[in-house]
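Structural overview
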Amino acid sequence: MSKYNFNIIIEQDEDGMYIATVPALKSCYTQAKSIDELYIRIKEVIELCLEVEEEHKYLKDDYKYNKLIKADKVEVSI
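One structure accompanies this document, and this report is about it.

About the thresholds
- Residues numbered from 1 in each chain as written.
- Predicted model: local features only at pLDDT ≥ 70, side-chain atom pairs only at ≥ 80, totals over all residues.
- Heavy atoms only, no water.
- Helix = DSSP H or I, 4+ residues; strand = E, 2+ residues; numbered from the N terminus.
- Expected span 1.5 Å × (residues − 1).
- Buried < 20%, exposed > 50% of the residue type's maximum accessible area, 1.4 Å probe, protein only.
- Arc of directions from axis to C-beta.
- Contact = heavy atoms within 4.5 Å.
- Core = buried A, V, L, I, M, F, W, Y, C linked by side-chain atoms within 4.5 Å.
- Pairing = 2+ DSSP bridges.
- Axes fitted to C-alpha atoms, helices over the stretch in contact; angles between N-to-C directions.

This brings us to helix α1 (residues 35–55). With 21 residues, α1 should reach 30 Å at 1.5 Å per residue; the first-to-last C-alpha distance of 30 Å fits that figure. Those residues of α1 not exposed but buried are Leu38, Ile42, Val45, Ile46, Cys49, Leu50 and Glu53. Viewed along the axis of α1, the buried residues span an arc of 140°, placing them on a single side of the element. The exposed residues of α1 that point more than 90 degrees off its buried face are Asp36, Lys43, Leu48 and Glu55. Buried-residue contacts for α1 involve β1 (9–12), β2 (18–21) and β3 (29–32). A positive backbone phi angle near 65° is found at Lys57, which sits one or two residues after α1.

Here it is as structure tokens:
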């Protein structure tokens, strides 16, 4: 059994739901009403994403991802 560490990004939508995404894994995200539940769910989703990658022979020994420095908000006008 291999162990992996992933950065996650957590946001909150207008309804108060928390949303977690994993930038290193395509389409790997989930949502929950509480942060505690979100961490449980994101771990489950990561495991599922890794299982799918393994099934399709995409699983890597080491996932490269950028060092998480800061999450911030930027305003733009168009």
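Looking at the secondary structure, you find Thr30 in strand β3. Note on Thr30: relative accessible area 14%, which makes it buried. Not counting chain neighbours up to four residues away, the residues in contact with Thr30 comprise Tyr18, Ile19, Ala20, Leu38, Arg41, Ile42 and Val45.

Judged by nonpolar contacts, the single largest core of 13 residues is most densely connected at Phe6, Val22, Leu25, Cys28, Ile42 and Ile46. A per-element tally of this core places α1 first, with 6 residues. With near-sequence residues (within four places) excluded, Cys28 lies in contact with Ala20, Thr21, Val22, Val45, Ile46 and Cys49.

Moving on to the sheet that holds β2. Read across the sheet, 3 strands follow the order β1-β2-β3 without closing on themselves; strand pairing throughout is antiparallel. Edge positions in the sheet fall to β1 and β3, since each of these pairs with one other strand and no more. For this sheet, the mean angle separating the axes of adjacent strands, direction not counted, is 20°. Sheet topology note: the β2/β3 ladder contains 4 bridges and is antiparallel. Its bridge partner lying in β3, Tyr18 is registered against Ala32. Its contacts with the sheet put α1 on β1, β2 and β3, and the angle it makes with β3 is roughly 155°.

A separate point is the pairing of β1. As paired strands, β1 and β2 are joined by 4 bridges and run antiparallel to one another. The partner of Ile10 across the bridge, within β2, is Ala20. If you look at the hairpin formed by β1 and β2, you'll find 5 residues sitting between the two strands, and Gly16 has a positive phi there, around 90°.

Shape is all these values report; function is a separate question.
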